[in-house]
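Breakdown of the fold
Spelled out, the chains give:
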Amino acid sequence: MDGKIILGGYKGSALWVWGGDWEVTLPNGAVTSLLPAEDGLLISGEVEGKAVVIKLDPKGEILWKRELWERGWVEVSGRDVALGVKEEEGKMVMVVEKV
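Residues numbered from 1 in each chain as written. Predicted model: local features only at pLDDT ≥ 70, side-chain atom pairs only at ≥ 80, totals over all residues. Heavy atoms only, no water.

1. Some points on the overall build of the protein chain
Threshold: Secondary structure counts use DSSP, requiring at least four H or I residues in a row for a helix and at least two E residues in a row for a strand, with both numbered from the N terminus. The classification of residues rests on relative accessible area computed with a 1.4 Å probe and restricted to protein chains. Under 20% of the type maximum is buried, over 50% is exposed, and intermediate values are partly exposed. Note on contacts: a residue pair is in contact if any heavy atoms of the two residues lie within 4.5 Å. Computed by Shrake-Rupley with a 1.4 Å probe, the accessible areas treat only the displayed protein chains as cover when residues are assessed.
Within the protein chain one finds zero helices and ten strands. Starting at the N terminus and ending at the C terminus, the protein chain contains elements arranged as β-β-β-β-β-β-β-β-β-β. Split into buried and exposed, the 99 residues of the protein chain put 41% on the buried side. The contacts of the protein chain with a sequence gap of at least 6 include a subset with a gap of at least 24, amounting to 23%. When the accessible surface of the protein chain is summed, it comes to about 5,800 Å², and 52% of that surface belongs to carbon and sulfur atoms.

2. Here's the deal with the sheet that holds strand β6 (residues 50-56)
Quick reminder of the rule: A pair of strands counts as paired when DSSP detects no fewer than two bridges linking them. The axes used here are C-alpha line fits, helices contributing only the stretch in contact, and every angle between their N-to-C directions lies in the interval 0 to 180 degrees.
Taken in spatial order, the four strands line up as β4-β5-β6-β7 in an open sheet, and their pairing is antiparallel. What marks the edges here is a single partner per strand, and that holds for β4 (29-37) and β7 (62-70). Sheet twist, expressed as the average angle between the axes of neighbouring strands with direction ignored, equals 20°. Pairing geometry for strand β5 (residues 40-47) and β6, over seven bridges, is antiparallel. Each bridged residue has a counterpart across the sheet, and for L41 the counterpart in β6 is L56.

3. Quick word on the pattern of salt bridges
Operational definition: Note on definitions: salt bridges are taken to be side-chain nitrogens of Lys or Arg within 4 Å of carboxyl oxygens of Asp or Glu.
Inspection of the entire model under this criterion finds five salt bridges. Three or more residues are tied together by salt bridges with common partners; here these are K50, K65 and E67.

4. Details of the pairing of strand β1 (residues 7-11)
Relative to strand β2 (residues 14-18), β1 is paired through five bridges, and the arrangement is antiparallel. Bridge pairing links G8 to V17 in β2. Between β1 and β2, which pair antiparallel in sequence order, lie two residues; one of them, G12, sits at a positive phi of approximately 65°.

5. Looking at the side chain of D57
We apply this condition: Within 3.5 Å is the distance limit for a polar contact, defined as a pair of N or O atoms, with the added protein rule that one can donate a hydrogen and the other accept it, and that residues adjacent in sequence qualify only through two side-chain atoms.
Among the structural elements, D57 can be located in the loop between β6 and β7. Of note is the side chain of D57, whose polar atom sits 2.8 Å from the backbone nitrogen of K59.

6. Description of the sheet that holds β1
Pairing is antiparallel in the open sheet, where three strands are placed in the order β1-β2-β3. Taken across any chain shown, the strands that pair with only one partner, and hence form the sheet edges, are β1 and β3 (23-26). Strand after strand, the sheet turns through a mean of 20° between neighbouring axes, direction not considered. One ladder, built from four bridges, connects β2 with β3; its direction is antiparallel. The residue of β3 that forms the bridge with W18 is E23.

So, in structure tokens, the structure goes:
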């Protein structure tokens, strides 16, 4: 993103993204993928038991956060598509979601 190295994962028990001069943390979560977008960064992961996709601007400000489902995880695989797995009726199912 703008030639910077961006790191994401978890710090303690919080979702964590680091952009050099900024840092984003959300309690009880972890990042599963980062995807540069033309006007920011798409982050996917899990926060408080829910699969989420978050968009950050180049300064690390959260533009929006979308909760997709509970008891699962998600990865952004394209600018408009997220793929993941969730528990449904005692089974794990694959999910494709437009973001």
